[in-house]
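Inside the fold
What follows is the residue order along each chain.
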Amino acid sequence: MTVHTVEVPEDNPVFGQTTSAFASFGYSAAVRAHGLLFIAGTIGRRADGTIPNTIEEQTETAILKIEEILRLENLGTSALVDVTSYHVDIRQHLPGFIEAKQRLVKAPYPTWTIIGVSGLASPGLLVEIRATAAYPDAPR
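Described below are features of the structure shown in this document. Bear in mind the structure is a predicted one, so any value in this text is a computation, not a measurement. (Residues numbered from 1 in each chain as written. Predicted model: local features only at pLDDT ≥ 70, side-chain atom pairs only at ≥ 80, totals over all residues. Heavy atoms only, no water.)

**Remarks on the sheet that holds strand 3 (residues 36–43)**
Taking strand neighbours across the sheet as the criterion, the 6 strands line up as 1-2-3-6-4-5 in an open arrangement whose pairing is mixed. Strands with a single pairing partner mark the edges of an open sheet, and in this sheet they are strand 1 (3–6) and strand 5 (111–117). For this sheet, the mean inter-axis angle between neighbouring strands, taken without regard to orientation, is 15 degrees. Relative to strand 3, helix 2 (residues 55–72) is tilted by about 150 degrees, and along the sheet it contacts strand 1, strand 2 (30–33), strand 3, strand 4 (80–88) and strand 6 (127–134). Set on the sheet, helix 3 (residues 90–104) makes contact with strand 4, strand 5 and strand 6; between it and strand 5 the angle comes to about 150 degrees. (Pairing = 2+ DSSP bridges. Helix = DSSP H or I, 4+ residues; strand = E, 2+ residues; numbered from the N terminus. Axes fitted to C-alpha atoms, helices over the stretch in contact; angles between N-to-C directions. Contact = heavy atoms within 4.5 Å.)

This is how it looks when you write it as structure tokens:
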């Protein structure tokens, strides 16, 4: 089995100083295996490391980071096949999340599971999104 780890360059403008989390916590941004790209849980922390106060901006930032990982692999959001998002205070924040998601994610839509959680890795984080994409050259 061939496994390819996606490296986000330290000078990446979308991720900024948040790329240090990969080494600090010992994980990869994404891994390619068996024609699929597995993207790690992505949060809405800005490139400067600060956390936006709104669910809309956190959602937008997380989705833009996923788009950047896809771009690094020459893929677009149409390659997404499965997405799971984790939400703090889901009832309060779901409308803002849906608004941002609808603005940024277009058809063809991946499957999407939305899960409410009591908390995420850092105080102030409201959403974390993990995704799986398929490469167009993968066997069907």
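**Comments concerning the packing of aromatic side chains**
If you walk through the whole model with that rule in mind, you get 3 aromatic pairs. Pairing F22 with Y27 gives two aromatic rings, centres 5.2 Å apart and planes at 75 degrees, and the pair type is edge-to-face. Judged by its relative accessible area of 15%, F22 is buried. Each ring, one from F97 and one from W112, has its centre 6.1 Å from the other, and the planes form 70 degrees; the classification is edge-to-face. Highlighted residues: F97 in helix 3 and W112 in strand 5, separated in sequence by 15 residues. The exposure class assigned to F97 is buried, which follows from its relative accessible area of 0%. Aromatic ring contacts, followed pair by pair, group F15, F22 and Y27 into a single cluster. If you follow R32 out to its NZ or CZ, it ends over the ring of Y135, 3.5 Å from the centre. The ring centre of W112 lies 4.4 Å from the NZ or CZ of K101, which sits over that ring. (Phe/Tyr/Trp six-rings, centres within 6.5 Å; stacked < 30°, edge-to-face > 60°. Buried < 20%, exposed > 50% of the residue type's maximum accessible area, 1.4 Å probe, protein only. Lys NZ or Arg CZ within 6 Å of the ring centre and 35° of its normal.)

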